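A closer look at the structure
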Amino acid sequence: MTSAARPQGPAAPLPFFVYGTLRPGEANHSLFLRGRTASHEPALLPDAALYDGPGYPYAVHRAGSSVVGELITPAPGGYAELLADLDRLEEYEGPGRPGNLYDRIAREVLRPAGRPVRAWVYLASPLLARDLCASGTEITGGDWLGRRGRPGAEA
């Protein structure tokens, strides 16, 4: 089995791995995370690839690739509300639901120096992941902040 696993329960107190518009400096970080986190640190999601979407990225499972992001630890007392808000943002309705845009999965991510930690990660839902892998635009290097065409980014 891969490092992807379905969580035991919907409210397992895990940090979040964010890789797109929820990263510091991006629009959704200000809207959803500012003032609601205890810490954030650089992290890497192994065995995943990153694809460009309409204004935001999608991570999909793929052995041998990795996605760059941040490990976000919610502020004390705010975990349940933040989890619900992020699920709504990511259009996650629950495990295996056909309306999911993303699936929230417990995955191992790597902190600096390769230290592993379990975290919630929003991956593209299975049908969307299949389409992205077949005909999507992969973000080379797995880093949303370093993608080509980004306003202010060098080509």
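The preceding data block contains the structure.
Conventions and cut-offs
- Residues numbered from 1 in each chain as written.
- Predicted model: local features only at pLDDT ≥ 70, side-chain atom pairs only at ≥ 80, totals over all residues.
- Heavy atoms only, no water.
- 1 Å grid on protein atoms, 1.4 Å probe; cavity = no way out; pocket = protein on both sides within 12 Å on 5 of 7 lines; lining within 4 Å.
- Points joined across faces, edges and corners; volume = space filled by probe spheres on them.
- Nonpolar A, V, L, I, M, F, W, Y, C, P; charged D, E, K, R; others polar.
- Salt bridge = Lys/Arg side-chain N within 4 Å of Asp/Glu carboxyl O.
- Helix = DSSP H or I, 4+ residues; strand = E, 2+ residues; numbered from the N terminus.
- Buried < 20%, exposed > 50% of the residue type's maximum accessible area, 1.4 Å probe, protein only.

Describing the layout of surface pockets
A volume near 220 Å³ is recorded for the largest pocket. Along its surface, the largest pocket is lined by 16 residues, and Thr-21, Leu-22, Tyr-56, Glu-90 and Tyr-102 are the ones closest to its centre. Taken together, the residues of the lining of the largest pocket break down into ten nonpolar, four polar and two charged.

Brief notes about the pattern of salt bridges
Applying the stated rule across the entire model yields seven salt bridges. The partner of Asp-143 in a salt bridge is Arg-23, with the nearest N and O atoms 2.7 Å apart. Highlighted residues: Asp-143 in the segment after strand E6 (137–138) and Arg-23 in the loop between strand E1 (16–18) and helix H1 (27–33), separated in sequence by 120 residues. Residue classification places Asp-143 among the partly exposed residues on the basis of a relative accessible area of 22%. One salt bridge in this structure joins Arg-36 and Asp-85, with 2.8 Å as the shortest N-O distance. Separated by 49 residues along the polypeptide, Arg-36 in the loop between H1 and strand E2 (37–52) and Asp-85 in helix H2 (residues 79–89) bring together distant segments of the chain. On the accessibility criterion, Arg-36 (22% relative accessible area) is partly exposed. Taking relative accessible area as the criterion, Asp-85 reaches 16% and is therefore assigned buried.

Fair warning: the whole summary comes from geometry, so function is off the table for now.
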